[in-house]
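# Understanding the architecture of this molecule
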Amino acid sequence: MVVLVTGGAGFIGSNFLLRSVVARPDLTFVNVDALTYAGNPYSLEAIAEAPNYRFEHVDITDRAAVDQVFDKHDPTVVVHLAAESHVDRSIASPDAFIRTNINGTFHLLEAFRGHSAGKEGARFHHVSTDEVYGSLGPTGLFREDTPYDPSSPYSASKAASDHLVRAHARTFGVPVTITNCSNNYGARQFPEKLIPLMVLKALAEEPLPVYGTGENVRDWLHVDDHCEAIWAVLDRGKVGETYNVGGRCELTNLDVVHQICDVVAAETQRDSDALRKLITFVRDRPGHDLRYAIDASKIERECGWTPSVSFTEGLRQTVRWYLENPEWIARVRSGEYRRWLAEHYDGRHSA
Ligand code: NAD
Ligand code: DAU
């Protein structure tokens, strides 16, 4: 059986493929990725030559190219991860988010409907985000029936993609499942996201830019637990259903940055208080959601999934991974990456 994975060169996609290609030798995995700034084929070197792995350098905004990939590989299952994923980029420049996250998802759904939907075991699994629900106040949890209320162009584009997936299920009978997951962290995450950005800046002893007051809360989940959740839904989830995925690990951004300072200090024999002094409060993200927190009881109950990596252990592993992989870091620090950081942070270092 062929499993087509989109966005497999990104953070979650590469971690998903590295585990799955080895653990499921009975399945052939086709990675469809445009290799944007966030896609890094170097992350996949360990499986590049595996007999059950193929790579297709394809942009999902190209409808004809998507159709050709389906003709060529005849997939039964799609795990759709490809997206523009960074909220700040969606505020600076939303166009690509509409093209990839909305039009790209539509092209995949149409190709799947035409080629795969009638096959035995067919499934279109859409990997989405808790950001579609908007922001929580100080209490409460996102449930699967929480109304959609996205704040950023990123989350609005993911909300639109979720609606398209459900519409294809209701109107055309396409067998779909959706997961809406909280913030992931772990190895191979592009260093524009909070945790790897702060780890690399702390290692370089550069200012640590915390937006606003640092009181915003995120619910952190190790990427390996997210990958297991996707398999739990593929294997035991009910067609047509949505499952929220989260770590029951609410932390303020300031808490996270303090813990990063502590772990970096411990791993590199530095003074944590000196690293904490690098924290700089910078202008807030426009439309910044205050708090995300997930009620994951449905996936726990129906699919037997629970997170297994504690934040303390996961953060230590993550810091060690960045320390042990300087070549990976050097490769992602391309000209494009440096330009983005310069454009994004210039003039932002005052609250
Ligand atoms: P990422 O930005 O690290 O990787 C995205 C991947 O998609 C890259 O390999 C990129 O090359 C590819 N891609 C982008 N545009 C493409 C296009 N037009 N055609 C083909 N490939 C394209 O993202 P990530 O953090 O790994 O997130 C993966 C998915 O999980 C996304 O759908 C995201 O919305 C969702 N998600 C992420 C998180 C998180 O915390 N990172 C949490 C919940 C859900
Ligand atoms: O909740 C799931 C979402 O988590 C995913 O859908 C997104 O793809 C993923 O990018 C992530 O979105 P966030 O906006 O929550 O992640 P980010 O790492 O950009 O920011 C996390 C928090 O840290 C957020 O409150 C903003 C803050 N922040 C971020 C950066 C990059 C800072 O204070 N300083 C920073 O430099």
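All of the points below concern the structure found in this document. (Residues numbered from 1 in each chain as written. Chains lettered and ligands numbered in written order. Predicted model: local features only at pLDDT ≥ 70, side-chain atom pairs only at ≥ 80, totals over all residues. Heavy atoms only, no water.)

### Let's talk about the overall build of the protein
A count of helical and extended segments in the protein gives 13 helices and 12 strands. For 351 residues, the compact-globule formula gives about 20 Å, and the C-alpha radius of gyration of the protein, at 20 Å, lands near that figure. Taking all 351 residues of the protein together, the buried fraction comes to 57%. The long-range fraction of contacts in the protein, counting pairs at least 24 apart against all pairs at least 6 apart in sequence, stands at 82%. With the model as given, the accessible surface of the protein reaches about 14,300 Å², and the carbon-plus-sulfur share is 49%. Averaging the positions of the 36 positive and the 48 negative side-chain charges in the protein gives two centres separated by 1 Å. (Helix = DSSP H or I, 4+ residues; strand = E, 2+ residues; numbered from the N terminus. Rg over C-alpha atoms; globule rule 2.2 N^0.38 Å. Buried < 20%, exposed > 50% of the residue type's maximum accessible area, 1.4 Å probe, protein only. Contact = heavy atoms within 4.5 Å. Areas by Shrake-Rupley, 256 points an atom, 1.4 Å probe, with all protein chains shown as cover. Lys, Arg positive; Asp, Glu negative; His and termini not counted. Charge placed at Lys NZ, Arg CZ, Asp CG, Glu CD.)

### Points about the pattern of salt bridges
Following the criterion strictly, the structure yields 19 salt bridges and no others. Taking the shortest distance from any N to any O, the salt bridge between Asp 224 and Arg 19 comes out at 3.5 Å. Taken together, the residues span a long stretch of sequence, with Asp 224 in helix α7 (residues 223–236) and Arg 19 in helix α1 (residues 11–23) at a distance of 205 residues. Put simply, Glu 313 and Arg 316 hold a salt bridge, and the shortest N to O gap is 2.6 Å. (Salt bridge = Lys/Arg side-chain N within 4 Å of Asp/Glu carboxyl O.)

### Re the site of ligand 2
Taken together, 24 residues are adjacent to ligand 2, and Ser 85, Asp 130, Tyr 154, Arg 285 and His 288 come closest. One of the side-chain nitrogen or oxygen atoms of Asp 130 is found 2.6 Å away from an oxygen atom of ligand 2. Here Asn 183 contributes a side-chain N or O atom positioned 2.8 Å from an oxygen atom of ligand 2. Burial of ligand 2 by the protein amounts to 95% of the accessible area it has alone, namely 690 Å². Of all the secondary structure elements, the ones that give two or more residues to the shell around ligand 2 are α6 (194–204) and β8 (208–211). With 3 residues, the top contributor of residues to the shell around ligand 2 is β8. Residues belonging to the shell around ligand 2 are distributed by class as follows: 10 nonpolar, 8 polar and 6 charged. (Near = heavy atom within 4 Å. Polar contact = N/O pair within 3.5 Å; in protein donor to acceptor, adjacent residues only side chain to side chain. Nonpolar A, V, L, I, M, F, W, Y, C, P; charged D, E, K, R; others polar.)

### Observations concerning the site of ligand 1
Lining the immediate environment of ligand 1, one finds 28 residues, of which Ile 12, Asp 33, Ser 85, Tyr 154 and Lys 158 sit closest. In the environment of ligand 1, an oxygen atom lies 2.9 Å from a nitrogen or oxygen atom belonging to the backbone of Gly 10. Asp 33 places a polar side-chain atom, nitrogen or oxygen, 2.6 Å from an oxygen atom of ligand 1. Of all the secondary structure elements, the ones that give two or more residues to the shell around ligand 1 are α1, β5 (123–129), α5 (153–172) and β7 (183–185). Considering only residue class, the shell around ligand 1 consists of 14 nonpolar, 11 polar and 3 charged.

### Observations regarding the sheet that holds β5
Strand pairing in a sheet relies on backbone hydrogen bonds, with the paired strands running either antiparallel or parallel. The strand order across the open sheet built from 7 strands is β3-β2-β1-β4-β5-β6-β10, with neighbouring strands paired in parallel fashion. Each edge of the open sheet carries a strand with a single partner, namely β3 (53–57) and β10 (242–245). Strand-to-strand, the axes of this sheet are offset by a mean angle of 20°, without reference to chain direction. Strand direction decides the pairing type here: strand β6 (residues 176–181) and β10, joined by 4 bridges, are parallel. Each bridged residue has a counterpart across the sheet, and for Thr 179 the counterpart in β10 is Tyr 243. On top of the sheet, helix α4 (residues 95–115) reaches β1 (2–6), β4 (77–80) and β5; it is set at about 165° to β5, its chief contact. Seen against the sheet, α5 touches β5, β6 and β10 and runs at an angle of roughly 155° to β5. (Pairing = 2+ DSSP bridges. Axes fitted to C-alpha atoms, helices over the stretch in contact; angles between N-to-C directions.)

### A word on the packing of aromatic side chains
Across all of its chains, the model carries 13 aromatic pairs by this definition. Ring centres of Phe 29 and Trp 231 lie 6.4 Å apart, and the angle between their planes is 85°; this geometry places the pair in the edge-to-face category. Of the two residues, Phe 29 is situated in strand β2 (residues 28–33) and Trp 231 in helix α7; the sequence distance between them amounts to 202 residues. Ring plane angle 80° and centroid distance 6.1 Å describe the contact between Tyr 322 and Trp 328, whose orientation is recorded as edge-to-face. Accessibility classification places Tyr 322 together with Trp 328 in one group, the buried group. A connected cluster of aromatic rings, assembled from ring pairs, spans Tyr 133, Phe 142, Tyr 148 and Tyr 292. The ring of Phe 172 is capped by Arg 113, whose NZ or CZ atom sits 3.6 Å from the centre of that ring. (Phe/Tyr/Trp six-rings, centres within 6.5 Å; stacked < 30°, edge-to-face > 60°. Lys NZ or Arg CZ within 6 Å of the ring centre and 35° of its normal.)

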